Amino acid sequence: MDRPMTSRTSPRWRPSTRWLVWAAILLATALANALVEVMDTQRRGGSLALWEPLVWELSSVGIIVLTLPLLWWGCQRWPLHADTWKRRLPLYLLASVAWSLVHVAGMMLLRQLAYASVGEHYQDGSAWPTRLLYEYLKDVRAFFTFVAIEHFFSWFGRRRQGEAHLLAAPEDAPPVEAVDRPERFLVRKLGRDFLVATADVEYAQAAGNYMNLHVRGHDYPLRSTLAALEARLDPARFVRIHRSYVLNLGFLVSIEPLDSGEARVHLADGSALPCSRRQLPVLRAALGQGGTLPGPAAAPA
């Protein structure tokens, strides 16, 4: 058996589809808020044309929708896990400030343009420091709501893919290597069990009490620590390159040194992983044993 016993997986939640769904939700919310604003004004005995609250709401929603892909990219690039959230929380707080500044500046510009197009002048009535503080107190809640939802769906997607378990030896043949070197992972997905060859695991990433095994664009959660998993993998093929990553040398294409002394390793599928300064000599030593970058190992028959 030289390939994982998996059927074609369900298509992922496409970014364009996700973007359209969020745009529809936010636009519907904007319309409802505009109608409520008009009704509240009428209850107070005033008069307010519907186009004005629509401009206020849609200018805000428009900037949010445009910046959502960047926010999602940041969540994927710097995910919050049990072992990273304390270190990365300040980064997210700074990002929320930057996101709020872009949101406020963008929506104010859109409002000015909308009012000018009908011969009116938009007057905010608040000093900029007051407006920025007021908007940030609202934006920071929206920002972390989007972050929390993105991380929830990321976690839910990993859980839906299934959780991997170590298999010490194939079920249909006697073991050909030590029990401590599992040849396959047992993956449960949608109520079925599949076998994934250890040699097909491109890299493993630590995520709290779990390891995410990356195989052909999919992540399979494995309940294990990085140290425990590393101890059971073949050191001639799997090498720790970072406090959070173990790399399968068979999928390594190149090493890109960085000015900081660290490096970025590039894989055959186009992805890039960090390599710490401490682990870079270990990686080079592992490659030096073979003289060249090893190709993907063939899975056992």
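Our subject is the structure that appears above.
Residues numbered from 1 in each chain as written. Predicted model: local features only at pLDDT ≥ 70, side-chain atom pairs only at ≥ 80, totals over all residues. Heavy atoms only, no water.

J.: Which parts of the structure should I look at to understand the overall build of the protein chain?
T.: For the protein chain, the count of helices and strands is six helices and 11 strands. For the protein chain, with 301 residues in total, the buried portion stands at 39%. If you sum the accessible surface of the protein chain, you get close to 17,300 Å²; carbon and sulfur atoms cover 61% of it. (Helix = DSSP H or I, 4+ residues; strand = E, 2+ residues; numbered from the N terminus. Buried < 20%, exposed > 50% of the residue type's maximum accessible area, 1.4 Å probe, protein only. Areas by Shrake-Rupley, 256 points an atom, 1.4 Å probe, with all protein chains shown as cover.)

J.: Just checking my understanding: could you explain the pattern of salt bridges for this structure?
T.: Two side chains with opposite charge may pair up if their charged atoms get near one another. Taken as a whole and assessed by the stated rule, the structure comprises seven salt bridges. Between Glu-230 and Arg-240 there is a salt bridge; the shortest N-O distance is 3.1 Å. Taken together, the residues span a long stretch of sequence, with Glu-230 in helix α5 (residues 226-232) and Arg-240 in strand β7 (residues 238-242) at a distance of 10 residues. The exposure class of Glu-230 is partly exposed, given its relative accessible area of 28%. Close ionic contact of Glu-256 with Arg-264 constitutes a salt bridge, the shortest N to O distance being 3.1 Å. (Salt bridge = Lys/Arg side-chain N within 4 Å of Asp/Glu carboxyl O.)

J.: How do you make sense of helix α3 (residues 85-117) when you look at a structure like this?
T.: The periodicity of an α-helix, 3.6 residues per turn, causes residues three or four positions apart to be oriented the same way. For α3, which comprises 33 residues, the first-to-last C-alpha distance of 46 Å matches the rise-based estimate of 48 Å (1.5 Å per residue) to within 8%. Positive backbone phi, approximately 75 degrees, marks Gly-119, located one or two places after α3. (Expected span 1.5 Å × (residues − 1).)

J.: Would you explain the packing of aromatic side chains in this entry?
T.: The geometry of two aromatic rings is summed up by the distance between their centres and the angle between their planes. Counted under the stated rule, the structure contains eight aromatic pairs. With a centroid separation of 6.4 Å and an interplanar angle of 75 degrees, the aromatic rings of Trp-99 and Phe-146 are classed as edge-to-face. Of the two residues, Trp-99 is situated in helix α3 and Phe-146 in helix α4 (residues 128-161); the sequence distance between them amounts to 47 residues. One aromatic cluster is present, formed by Trp-22, Trp-99, Phe-143, Phe-144 and Phe-146 through successive ring pairs. Its end group placed over the ring of Trp-72, Arg-18 keeps NZ or CZ at 4.1 Å from the ring centre. (Phe/Tyr/Trp six-rings, centres within 6.5 Å; stacked < 30°, edge-to-face > 60°. Lys NZ or Arg CZ within 6 Å of the ring centre and 35° of its normal.)

J.: Would you explain the sheet that holds strand β10 (residues 263-267) in this entry?
T.: Hydrogen bonds along the backbone pair up the strands of a sheet, which may run parallel or antiparallel. Spatially, β9-β10-β11 is the arrangement adopted by the three strands of the open sheet, whose pairing is antiparallel. Pairing within the sheet leaves two strands with one partner each, and these edge strands are β9 (252-257) and β11 (272-275). Looking at each pair of strands side by side, their axes are set apart by 25 degrees on average, direction ignored. Across four bridges, the pairing between β10 and β11 is antiparallel. Each bridged residue has a counterpart across the sheet, and for His-266 the counterpart in β11 is Ala-272. (Pairing = 2+ DSSP bridges. Axes fitted to C-alpha atoms, helices over the stretch in contact; angles between N-to-C directions.)

J.: Honestly, unusual backbone geometry in this entry has me stumped. Any pointers?
T.: Only a minority of non-glycine residues have a phi that is not negative, and only a minority of peptide bonds are not trans. With a phi angle near 50 degrees, Arg-216 is a residue other than glycine that sits in the positive phi range. With respect to the secondary-structure elements, Arg-216 resides in the loop between β5 (210-215) and β6 (218-223).

J.: Is there a simple way to explain the environment of Gln-205 in this structure?
T.: The topology assignment puts Gln-205 in strand β4 (residues 203-207). Taking the C-alpha atoms as reference, Gln-205 lies 9.1 Å from Arg-243; in sequence the two are 38 residues apart. A polar atom in the side chain of Gln-205 sits 3.1 Å from the side chain of Tyr-245. (Polar contact = N/O pair within 3.5 Å; in protein donor to acceptor, adjacent residues only side chain to side chain.)

J.: What exactly am I supposed to notice about the side chain of Gln-279 here?
T.: Relative to the helices and strands, Gln-279 is located in the loop between β11 and α6 (280-290). The exposure class assigned to Gln-279 is buried, which follows from its relative accessible area of 15%. At a separation of 2.9 Å, a polar atom in the side chain of Gln-279 contacts the main-chain carbonyl oxygen of Arg-240. If we skip the residues at most four places from it in the chain, Gln-279 touches Arg-240, Ile-241 and His-242. (Contact = heavy atoms within 4.5 Å.)

J.: Sorry, what's going on with the pairing of β4 here?
T.: Walk down a regular strand and you will see the side chains alternate between the two sheet faces. The element β4 is largely enclosed, with a buried count of five among its five residues. Every second residue of β4 is oriented toward a common face, with Tyr-203, Gln-205 and Ala-207 on one face and Ala-204 and Ala-206 on the other, all of them buried. When β4 meets β5, the two strands line up antiparallel, connected through five bridges. For Gln-205, the partnering residue across the bridge sits in β5 and is Asn-212. In this structure, the hairpin formed by β4 and β5 is closed by a connection of two residues, where Gly-208 is found at a positive phi of approximately 70 degrees. With three bridges connecting them, β4 and strand β8 (residues 245-248) associate as antiparallel partners. If you follow Tyr-203 over to β8, its bridge partner there is Leu-247.

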